[in-house]
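Below are the chains, spelled out letter by letter.
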Amino acid sequence: MESLYEEVASLLVKQKQCVALTGAGISLESGIPTFREKGGLWEKYDPMVYASIDVFRKDPSKYWSLRDYFIKDYDKYQPNKAHYALKDLEDMGIVRCVITQNIDGLHKKAGSKNVVEIHGSIREIYCTKCGKEYEAPHIPDGIPPYCLCGGVLKPNTILFGEELPQDALLKARNESMSCKTMLLVGTSAIVYPAASLPNTAKQNGAKIVEINIEEAFSDADYFIKEKAGTALPKIVEEIRIIDKH
Ligand code: NAD
């Protein structure tokens, strides 16, 4: 009898056209806590104060008072085995797109090419006045930091109360609508509009494979109850075995 990993690997090889939808759980093994994690940033700082667009517009120094965390700490985080496995699956022609809710930039750092960051990236910073782009951690000092033109810098992430970038959202919806399989990795699938994407995929005939330490999406076709950094490399391994035969 085929193991769950063999079954999922066969499905992915047969269907290809796979889209991965990832959330904070995939980066936990890189040391970045999820919102729900004890000791996480938002347990200490109210996100509606420190990361809300309304507050940012009135007083950007609130957000930037956490700049060490967002700039220095995020620079230290490295992709883990799960990010690299998704990159391998893209190289193998199986995963065609990674849609992520994460803002940590780790999929791109791991080498995945077609990445849709629907909540933006904390590695990209821009001037709210002239639009000049900066790449973290290379930004001017200061709380808040200012551009040479005098404009306040803002991370290219979606703050609370801010609208999602329409182009990224449209691409994410199109990818979900047309994929044949969706890997749902490390997301509680409750934050909209990302949470609607697995249903969009399913309604359009895709098979859903969920990888999570606890079931979050009740309508998955396959559920692998495992850490992403263990499960995804195992899937890659099984696909390599199939490819050899
Ligand atoms: P979430 O915190 O709501 O859920 C995390 C999910 O990951 C849970 O279902 C949990 O069971 C699962 N999980 C935990 N460890 C795992 C592991 N090792 N392997 C597989 N699964 C694991 O995260 P979410 O669904 O992404 O939504 C919350 C929001 O948090 C998103 O908007 C995201 O932008 C934001 N966020 C991002 C980061 C980041 O960029 N790394 C970190 C914290 C929060």
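Remember, it's a predicted structure, so these values are computed and weren't measured experimentally. Residue indices begin from 1 for each chain and proceed along its sequence in written order. Confidence filtering applies because this is a predicted model: local features only for residues at pLDDT of at least 70, side-chain atom pairs given and counted only at 80 or more, and all residues used for totals across whole chains, interfaces and linings. To get the side-chain values, all heavy atoms of the structure are used, and hydrogens and water are removed first.

Here's the deal with a nonpolar patch on the surface
The patches described consist of residues with a relative accessible area above 30% and no salt bridge, like charges being joined within 9 Å and nonpolar side chains (Val, Leu, Ile, Met, Phe, Trp, Tyr) within 5 Å. The accessible surface values rely on the Shrake-Rupley method and a 1.4 Å probe; as for residues, cover is taken only from the protein chains in view. For this document, the term salt bridge refers to a Lys or Arg side-chain nitrogen within 4 Å of an Asp or Glu carboxyl oxygen. A surface patch of nonpolar side chains, amounting to about 310 Å² of accessible area, comprises Phe35, Met48 and Phe160. Within the fold, Phe160 resides in the loop between strand E6 (153-157) and helix H9 (166-178). Strands are runs of DSSP state E lasting at least 2 residues, helices are runs of H or I lasting at least 4, and numbering of each runs from the N terminus.

A short note on the sheet that holds strand E7 (residues 181-185)
One key point about sheets: their strands pair by backbone hydrogen bonds, in either a parallel or an antiparallel sense. Taken in spatial order, the 6 strands line up as E3-E2-E1-E7-E8-E9 in an open sheet, and their pairing is parallel. Edge positions in the sheet fall to strand E3 (115-117) and strand E9 (222-225), since each has one partner strand and no second. Taken over all neighbouring pairs, the strand axes of this sheet differ in orientation by 15 degrees on average, direction set aside. Contacting strand E1 (18-22), strand E2 (95-100), E3 and E7, H9 runs over the sheet at an angle of about 135 degrees to E2. Helix-sheet contacts for helix H11 (residues 228-244) involve E7, strand E8 (207-212) and E9, and the interaxial angle to E8 is about 135 degrees. Strands pair, by our definition, only if DSSP identifies at least two bridges between them. Lines fitted to the C-alpha atoms define the axes, with helices restricted to the stretch that makes contact. Angles between their N-to-C directions range from 0 to 180 degrees. Here, two residues are considered to be in contact whenever any of their heavy atoms come within 4.5 Å of each other.

Notes on the nonpolar core
The term nonpolar core refers to a set of buried residues drawn from Ala, Val, Leu, Ile, Met, Phe, Trp, Tyr and Cys, joined through side-chain atoms within 4.5 Å. Remark: exposure states derive from per-residue accessible area (1.4 Å probe, protein chains only) relative to the maximum for the residue type, with buried under 20%, exposed over 50%, and partly exposed in between. Counting residues in each nonpolar core, the largest one holds 28 residues, and the members touching the most others are Leu183, Leu232 and Ile235. Only helix H1 (4-15), E1, helix H7 (81-91), E2, E7, E8, E9 and H11 provide two or more residues apiece to this core. Setting aside anything within four residues of it in sequence, one finds Ile235 in contact with Tyr5, Val8, Ala9, Leu12, Ile211 and Ile224.

Remarks on the sheet that holds E6
Read across the open sheet, the 3 strands follow the order E5-E4-E6; overall the sheet is antiparallel. Of all the strands in the sheet, just strand E5 (133-135) and E6 have a single pairing partner and so form its edges. Strand-to-strand, the axes of this sheet are offset by a mean angle of 35 degrees, without reference to chain direction. By the bridge criterion, 5 bridges tie strand E4 (residues 120-127) to E6 in an arrangement that is antiparallel. Bridge pairing in E6 places Cys127 opposite Leu153.

Details of the state of the cysteines
Disulfide: a pair of cysteine sulfur atoms within 2.5 Å of each other. All told, the structure shown has 0 disulfides when counted by the stated rule. Of the cysteine sulfurs around Cys147, a residue in no disulfide, the closest is that of Cys130, at 3.8 Å.

Considerations on the domain arrangement of the protein chain
Each domain's extent was defined by an automatic or database domain assignment. Once the domains are mapped, the protein chain shows domain 1 (1-31 + 80-119 + 164-245) and domain 2 (33-76 + 122-157). Computed over C-alpha atoms, the centres of domain 1 and domain 2 are 28 Å apart. When the two sides are added together, the surface that domain 1 and domain 2 hide from each other amounts to roughly 800 Å², 58% of it contributed by carbon and sulfur. A 1.4 Å probe defines the accessible area here, and the buried area is the portion of it lost by two parts on being joined, summed over both. Contact with domain 2 buries area across many residues of domain 1, yet Leu28, Ile103 and Asp104 alone supply 47% of it, more than any other trio. The tally of links from domain 1 across to domain 2 stands at 1 salt bridge. The salt bridge involving Glu124 is made with Lys108; its shortest N-O contact spans 3.9 Å. Counting of polar contacts relies on pairs of N or O atoms within 3.5 Å, with two restrictions inside protein: one atom must be capable of donating a hydrogen and the other of accepting it, and residues adjacent in sequence are counted only when both atoms are side-chain atoms. Linking domain 1 to domain 2 there are 2 residue pairs in polar contact (both at pLDDT 80 or more).

Comments concerning the layout of surface pockets
Using a 1 Å grid laid over the protein atoms alone, points where a 1.4 Å probe fits but cannot get out form a cavity; open sets with protein on both sides within 12 Å along at least 5 of 7 lines form a pocket; any residue with an atom within 4 Å of a point counts as lining. Grid points are joined across faces, edges and corners, and a volume is the space filled by probe spheres set on the points. Approximately 1200 Å³ is the volume attributed to the largest pocket. Contributing to the lining of the largest pocket are 49 residues, with Gly23, Ala24, Thr34, Phe35 and Asn102 lying nearest its centre. Secondary-structure elements contributing two or more residues to the lining of the largest pocket are helix H2 (41-44), helix H6 (67-76) and E8. Polarity classes work like this: nonpolar for Ala, Val, Leu, Ile, Met, Phe, Trp, Tyr, Cys and Pro, charged for Asp, Glu, Lys and Arg, and polar for all others, with Gly in that last group. Taken together, the residues of the lining of the largest pocket sort by class into 26 nonpolar, 14 polar and 9 charged. Formed jointly, the lining of the largest pocket draws a minimum of three residues from each of two domains, domain 1 (1-31 + 80-119 + 164-245) and domain 2 (33-76 + 122-157). Of the pockets and cavities examined, the second largest pocket occupies roughly 210 Å³. Every residue lining the second largest pocket is counted, 15 residues in all, and those nearest its centre are Gly105, Ser121, Arg123, Glu135 and Ala136.

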